[in-house]
Amino acid sequence: NRVRAGNERVIRPRLADAAFFWKSDRRVSLVERSDALRKVVYQRGLGSIYDKSIRIAKLAATVGGQIGADVAIIERAALLAKCDLLTSLVGEFPKLQGLMGKYYATADGEPVGVAEAIGEQYLPRFAGDALPETAAGQAIAIADKLDTLAGIFALGKKPIGKRDPFGLRRSALAIIRIIIEQRLDLDFTALVAAAIAHHPIHHKDENALAENLYDFIIERMRSYYLDRQSNLTAEMFAAVMAKRPGSLLDFDN
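So, a few notes on the structure that sits alongside this text. Keep in mind it's a predicted model, so treat the numbers as computed, not measured.

Next up on the list: the side chain of Thr148. Take Thr148: it is sitting in helix H8 (residues 135-154). The exposure class of Thr148 is buried, given its relative accessible area of 13%. Here the side chain of Thr148 touches Tyr42 through a polar contact of 3.4 Å, side chain to side chain.

Structure follows, in structure tokens:
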């Protein structure tokens, strides 16, 4: 009882804070917060979070077109996806980003598909985490991570050694998992090129940059396969990699 009472003294004020922030945040809809994202810098050289949202919408629409998703749902969800970052509740509890966006979108009366996609945008967050299940959620999750990879590569800040401050290896592996485990037949080389083209930084050789990014992502597949399949050798992986398949699903097959 003493332990329970101690826990309650800690938890109750936090729950009270969350309830207060929820009521306060609900006074402004997600869509009304969208324009304010223009004032939030995403990364120097890559514009604001609003700019990133627009890039995600374009790239996710391309993904959605290839997997038969509702492009209107994707574009609406992409516009609202990062708006919960401006809410007090997510400011107090950062790990709830995306999840709270889903709840706010639902409370605002947004379509179910939009709310679900917002909630799935960060999946998978870690190794073994769940994958986005809806087509719109898959499209936005892939586009968000690929946009981050393309932008940081364009800035010339690809990971060196064990240092990876932007979590690019994790993002690459997440993209691989979504595409292969959800069996999405995408023209991946075209998506990589599009992600680079959407960025404000115009690299002197975008084709070479796209090849470098493709190679970085494909290299993450090495550990993905070798750690999972005991009968697969490094030589077998290298033989497939040498073909540079345009589709990760073709690579898997």
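Following the structure, the description resumes.
One finds Leu146, Leu149, Phe188, Leu213, Ile217 and Met221 to be the most contacted residues of the largest nonpolar core, which totals 70 residues. In terms of residue count, H8 provides more of this core than any other element does, 12 residues in total. For Phe188, the contacting residues outside a window of four places in its chain are Ile175, Ile179, Tyr214, Ile217, Gly246 and Leu248.

Further remarks concern helix H7 (residues 112-120). Those residues of H7 lying buried are Val114, Ala115, Ala117, Ile118, Gly119 and Glu120. Summarising the contacts, the buried residues of H7 are in contact with helix H2 (30-33), helix H4 (71-80), helix H6 (99-107) and H8.

Counting across every chain of the model gives 19 salt bridges. The partner of Asp35 in a salt bridge is Arg38, and the shortest N-O contact between them spans 2.5 Å. Across the pair Lys102 and Glu116 runs a salt bridge, and its minimum N-O distance is 3.8 Å. One end of the pair, Lys102, is in helix H6; the other, Glu116, is in helix H7, and 14 residues separate them in sequence. Relative accessible area serves as the criterion here: at 23%, Lys102 is assigned to the partly exposed category. Given the relative accessible area of 27%, Glu116 is considered partly exposed. Via salt bridges that share partners, Lys52, Arg55, Lys82, Asp144 and Asp147 belong to a single interconnected network.

Basis of the calculations
- Residues numbered from 1 in each chain as written.
- Predicted model: local features only at pLDDT ≥ 70, side-chain atom pairs only at ≥ 80, totals over all residues.
- Heavy atoms only, no water.
- Helix = DSSP H or I, 4+ residues; strand = E, 2+ residues; numbered from the N terminus.
- Buried < 20%, exposed > 50% of the residue type's maximum accessible area, 1.4 Å probe, protein only.
- Polar contact = N/O pair within 3.5 Å; in protein donor to acceptor, adjacent residues only side chain to side chain.
- Core = buried A, V, L, I, M, F, W, Y, C linked by side-chain atoms within 4.5 Å.
- Contact = heavy atoms within 4.5 Å.
- Salt bridge = Lys/Arg side-chain N within 4 Å of Asp/Glu carboxyl O.

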